Amino acid sequence: QVQLVESGGGLVQPGGSLRLSCAASGGIFSINGMGWYRQAPGKQRELVASIISGGTTTYAASVKGRFTISRDNAKNTVYLQMNSPKPEDTAVYYCQMKIVRVMPRLEYVYWGQGAQVTVSS
């Protein structure tokens, strides 16, 4: 049973920094894409950043230059380093992974449980 567990959310001041982590476990053969999404109250979930197995990254225009996504393949973990966050970054952040399971040897999309990030002074 594949599970994704997020950690690192909380309250951060504007201009501060915060790091989110998301670790996958259970019956994993390989992990292709990893990403972070967020959903603010009354808004649709949106892609924040993604990273593929080769290391290529993409970012939403609103976070480019402030947020950094990275992955540790040995730990099946993806990170989101949030520098200089703004109040408009306040949202629930969800990690997503495209995981090939051991059995059956197919790719599935999994989501973390969500982590609240509040940017406020």
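Up top is the structure.
Residues numbered from 1 in each chain as written. Predicted model: local features only at pLDDT ≥ 70, side-chain atom pairs only at ≥ 80, totals over all residues. Heavy atoms only, no water.

Draft legend 1. Region of interest: the pairing of strand S1 (residues 3–7). Along S1, the buried face is formed by Leu4 and Glu6; none of Gln3, Val5 and Ser7, which line the opposite face, is buried. Here S1 runs beside strand S3 (residues 17–25); their pairing, made up of 5 bridges, is antiparallel. By the bridge assignment for S3, Val5 is matched with Ala23. (Buried < 20%, exposed > 50% of the residue type's maximum accessible area, 1.4 Å probe, protein only. Helix = DSSP H or I, 4+ residues; strand = E, 2+ residues; numbered from the N terminus. Pairing = 2+ DSSP bridges.)

Draft legend 2. Inspection of the nonpolar core at higher detail. By size, the foremost hydrophobic cluster in this structure holds 30 residues, and its most contacted members are Leu4, Trp36, Val78, Leu80, Tyr93, Met97 and Ile99. It is strand S9 (residues 91–101) that provides the largest number of residues to this core, a total of 5 residues. Not counting residues within four places of it along the chain, the set of residues in contact with Ile99 comprises Val2, Leu4, Ala24, Ile28, Ser30, Ile31, Leu106, Glu107, Tyr108 and Tyr110. (Core = buried A, V, L, I, M, F, W, Y, C linked by side-chain atoms within 4.5 Å. Contact = heavy atoms within 4.5 Å.)

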